[in-house]
Amino acid sequence: MEIVLASNNKHKVVELEYFINEMCRCHGLESIKVLTLSDIGFTDEIIEDGKTFEENALIKARAVAAKGYIGIADDSGLCVDALHGEPGVYSARYAGEPCDDAKNNALLLEKMADVPENERTAHFVSVIGLAYPNGDGFTVRGECPGKILFALRGNGGFGYDPLFLYEPYGKTYAEINAEEKNAISHRARAMRLFSEKFAKEIKNK
């Protein structure tokens, strides 16, 4: 069985491949082969015009499913309470296109400049969507709470990771290593739910 990760974001692909390989190992699904968009020669532009993470995840997964593959997609972003949920589904292009992490972080810091520390709560969201060629599919959602710092910290990760403090560790996403992040991140939480649901579906087919 082949499944295709519907993303051109190399960071997401690395994380998703890790979790799917863990799923295969834990649930005895060694027959699954993980492919990327480039592996199948997919070059179509996918217009992510959904209003929610769930809608966008399924849009991407269905674009792959339309080619005859099982499509898996992640739609994720940062939701800041003081900004009424911004940047939300627009996280990647918060400061406009082309997408630029540095500009996005700068804009977020600018909008949060006058927000006191106790009101800088936020959470990362990851929604994993799956679509089968026959039109069936599902989504699962994972969230990780944290706070927005006043300045960047750490050199790892991507996106808003240097500004997002995970309080139990006392570190930003950009300061923790891959093993730590894969244990607690929003994507990790979503993928654990996805793995359980997908493994059951596959074994029941």
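What counts, and at which threshold
Residues numbered from 1 in each chain as written. Predicted model: local features only at pLDDT ≥ 70, side-chain atom pairs only at ≥ 80, totals over all residues. Heavy atoms only, no water. Helix = DSSP H or I, 4+ residues; strand = E, 2+ residues; numbered from the N terminus. Rg over C-alpha atoms; globule rule 2.2 N^0.38 Å. Buried < 20%, exposed > 50% of the residue type's maximum accessible area, 1.4 Å probe, protein only. Contact = heavy atoms within 4.5 Å. Salt bridge = Lys/Arg side-chain N within 4 Å of Asp/Glu carboxyl O. Expected span 1.5 Å × (residues − 1). Polar contact = N/O pair within 3.5 Å; in protein donor to acceptor, adjacent residues only side chain to side chain. Core = buried A, V, L, I, M, F, W, Y, C linked by side-chain atoms within 4.5 Å.

A. Here's a closer look at the overall build of the protein. A tally of helices and strands in the protein yields 5 helices and 7 strands. Each helix and strand of the protein, ordered N terminal to C terminal, gives the series β-α-β-α-β-α-β-β-β-β-α-α. Here the C-alpha atoms of the protein give a radius of gyration of 17 Å, agreeing with the 17 Å that 2.2 N^0.38 yields for 205 residues. When the 205 residues of the protein are sorted by exposure, 48% land in the buried category. A sequence separation of at least 24 residues applies to 60% of the contacts in the protein between residues at least 6 apart.

B. Fine view of unusual backbone geometry. Going from Glu-86 to Pro-87, the amide bond is cis rather than trans, its omega being -5°. Tracing the backbone through its elements, the reader meets Pro-87 in the loop between β3 (70-80) and α3 (101-111). Despite not being glycine, His-84 shows a phi value in the positive range, around 55°. Mapping His-84 onto the fold places it in the loop between β3 and α3.

C. The pattern of salt bridges, seen in detail. Enumeration according to the criterion identifies 14 salt bridges in this entry. Lys-181 is paired through a salt bridge with Glu-15; the nearest N and O atoms lie 3.3 Å apart. Taken together, the residues Lys-181 in helix α4 (residues 178-184) and Glu-15 in helix α1 (residues 10-27) connect sequence positions 166 residues apart. There is no split in this pair, since Lys-181 and Glu-15 are both buried. We note a salt bridge from Lys-181 to Asp-161, for which the minimum N-O separation is 2.8 Å. A residue pair is termed long-range when its members are at least 10 positions apart, and Lys-181 in helix α4 and Asp-161 in the loop between β5 (137-148) and β6 (164-166) qualify at 20 residues. The pair formed by Lys-181 and Asp-161 is uniform in burial state, with each residue classed as buried.

D. Structural detail: α1. With 18 residues, α1 ought to run about 26 Å at 1.5 Å a step, and its terminal C-alpha atoms sit 26 Å apart, in line with that. Regarding α1, the residues found buried are Lys-12, Val-13, Glu-15, Leu-16, Phe-19, Ile-20, Met-23, Cys-24 and His-27. Near the N-terminus of α1, the side chain that reaches the backbone nitrogen of His-11, with its oxygen 2.9 Å away, is that of Asn-9. Count one or two residues on from α1 and you reach Gly-28, which has phi positive near 65°.

E. Main features of the nonpolar core. Membership of the largest hydrophobic core comes to 25 residues, with the highest contact counts inside it found for Ile-20, Phe-194 and Phe-198. When residues of this core are traced back to their parent elements, those giving at least two are β1 (2-5), α1, β3, β4 (121-131), β5 and α5 (186-204). Counting residues per element, this core draws most heavily on α5, at 7 residues. Setting aside anything within four residues of it in sequence, one finds Ile-20 in contact with Ile-3, Leu-5, Val-34, Ile-72 and Met-191. If you look at the next biggest cluster of nonpolar residues, it comprises 18 residues, including Leu-78, Phe-124, Ile-148 and Ile-176.

Keep in mind these values describe shape, not function.
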